[in-house]
Amino acid sequence: MFDKLFLEISSACNLSCSFCPPTSRRPEFMERERFEFLLTRLSGFGDHLYFHVKGEPLLHPALGTFLAIAGELGFAVTLTTNGTLLGQQAKVLFGAPALRKLSVSLHSQVGLEALGEYWGGLTTFLDLHRVRPEFPLSLRLWNQVGGRLPAATGRLWELLVERYPALAQLDPGEKLPPGLRLDEDVYLNPANQFEWPALRRPAPPSMESTRTPPEAGRAVEGSCHGLRTQLGILVDGTVVPCCLDGEGAIRLGNLLEQPLDEILARARARAIRLGFQRHRIVEELCQSCGYRKRFDRTPAARD
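How each quantity is defined
- Residues numbered from 1 in each chain as written.
- Predicted model: local features only at pLDDT ≥ 70, side-chain atom pairs only at ≥ 80, totals over all residues.
- Heavy atoms only, no water.
- Salt bridge = Lys/Arg side-chain N within 4 Å of Asp/Glu carboxyl O.
- Buried < 20%, exposed > 50% of the residue type's maximum accessible area, 1.4 Å probe, protein only.
- Helix = DSSP H or I, 4+ residues; strand = E, 2+ residues; numbered from the N terminus.
- Core = buried A, V, L, I, M, F, W, Y, C linked by side-chain atoms within 4.5 Å.
- Contact = heavy atoms within 4.5 Å.
- Axes fitted to C-alpha atoms, helices over the stretch in contact; angles between N-to-C directions.
- Parallel < 35°, antiparallel > 145°, perpendicular 65-115°, else oblique.
- Left-handed = near helix turned anticlockwise from the far one by under 90°.
- Nonpolar A, V, L, I, M, F, W, Y, C, P; charged D, E, K, R; others polar.
- Pairing = 2+ DSSP bridges.
- Phe/Tyr/Trp six-rings, centres within 6.5 Å; stacked < 30°, edge-to-face > 60°.

1. Observations regarding the pattern of salt bridges
Evaluation of the coordinates by the stated rule reveals 10 salt bridges. For the salt bridge of Glu28 with Arg34, the shortest nitrogen-to-oxygen distance reads 3.1 Å. In this structure Glu28 comes out as buried when scored by relative accessible area, which is 15%. With relative accessibility at 24%, the residue Arg34 sits in the partly exposed group. Glu283 serves as the salt-bridge partner of Arg268, at 2.8 Å between the closest nitrogen and oxygen. Here the residue Arg268 occupies a position in helix α7 (residues 267–277), and Glu283 occupies one in the loop between β12 (280–281) and α8 (284–287), the gap between them amounting to 15 residues.

2. Topic: the nonpolar core
The tendency in soluble globular proteins is for nonpolar side chains to be buried side by side. Counting residues in each nonpolar core, the largest one holds 74 residues, and the members touching the most others are Phe51, Leu93, Leu106, Leu139, Leu160 and Leu188. With six residues, helix α4 (residues 115–131) is the single largest residue contributor to this core. Among residues more than four places away in sequence, those in contact with Leu106 are Tyr118, Leu122, Leu139, Arg140, Leu141, Leu156, Leu160 and Leu188. Core analysis: the next-biggest nonpolar cluster, separate from the first, contains 14 residues, Cys17, Tyr50, Val53 and Cys242 among them.

3. Comments concerning the packing of helix α3 (residues 86–94) against α4
At a minimum axis distance of 10 Å, the contact between α3 and α4 shows a crossing angle of 20°. Classed by the angle they form, the pair α3 and α4 counts as roughly parallel. Handedness of the α3/α4 crossing: right-handed. Contact residues: Leu86, Ala90, Leu93 and Phe94 in α3; Leu122, Phe125, Leu128 and His129 in α4. Of the residues contributing to the contact of α3 with α4, the split by class is seven nonpolar, one polar and no charged.

4. Remarks on the sheet that holds strand β5 (residues 137–143)
The pairing of strands in a sheet happens through backbone hydrogen bonds and is either parallel or antiparallel. Pairing in this open sheet of 10 strands is mixed, and the strands run β6-β7-β5-β4-β3-β2-β1-β9-β10-β11 from one edge to the other. The strands lining the two open edges of the sheet, one partner per strand, are β6 (180–183) and β11 (253–254). As paired strands, β6 and strand β7 (residues 186–192) are joined by three bridges and run antiparallel to one another. Its bridge partner lying in β7, Arg181 is registered against Tyr187. Its contacts with the sheet place α3 against β3 (76–81) and β4 (99–105), and it is angled at close to 170° to β4.

5. Some words on the packing of aromatic side chains
In this structure the tally under the stated criterion is six aromatic pairs. Between the aromatic rings of Phe35 and Phe51, the centroid separation amounts to 5.7 Å while the plane-to-plane angle is 85°, which identifies the pairing as edge-to-face. Taken together, the residues Phe35 in helix α1 (residues 32–42) and Phe51 in the loop between β2 (48–50) and α2 (63–72) connect sequence positions 16 residues apart. Per residue, the accessibility class of Phe35 equals that of Phe51, and both read buried. Centre to centre, the rings of Phe35 and Phe66 are 4.0 Å apart; their planes meet at 5°, and the pair counts as stacked. Taken together, the positions of Phe35 in helix α1 and Phe66 in helix α2 put the pair 31 residues apart, joining distant regions of the chain. We classify Phe35 as buried; its relative accessible area is 0%. Using a relative accessible area of 0% as the deciding quantity, one classes Phe66 as buried. Ring pairing ties together the aromatic residues Phe35, Phe51 and Phe66, which thus form one cluster.

Remember, this is a structural readout, not a statement about activity or role.
Following this line, the structure appears as structure tokens:
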């Protein structure tokens, strides 16, 4: 059982954020037939879906249908969005019993001139949520190292304070708490930005998912939750260890072609999982990941 199953319903996005590396994969929207088939293959491996790896899930024209299908099959869904389409999808979101949590990445707007229009749409949605707090709503912001907000968030912070005056007691130049309750089931969640993993050179398209795992001598110390508490499935069915492998660099297999238990039994998947259990990172992509450093044991790595 996995705590988090990242199922990418679309690789398309309507923004190009500086903190999110673009994908070289073509924009694609998952079809309903594929979605239903993948859910049958995920059944029994976890009950909490996230509708993204890359892409903006609120762009998907069948979002409401997908949420309904997931709920009927016993899954709960978390959505992470840049927030630009909340008004357009409000009826869908407030009418989806399967929606367990909605996270809005406010940092998608840091430094952008069109903040006023974005904030107007967001506040309208927040007003609706105040009347119908049917799911927890997390407003997310990237910190600088040390827990302080970067200067570019200045106007965004001012708008937050205008709506939630209690925030005025805090100094965004100082370390902020990781979770601040703003309203009923509405939270501000600052978190340190991290470096996305990237290979020094792209993986060859022909690389077999069953290839021999890297030699033990190439492993480095560290751990992560990939293949232990989470895994990802790209829009084409490719299985990857976690939500940060947006290019499918670690292709473990394809869920459209093979059951998940068989994919997880392959040598490469076993080596990754066993390595993390032994605090050894065997994959080059994982070695470059800034997010996994928060799980390292050394104080320097955690800072």
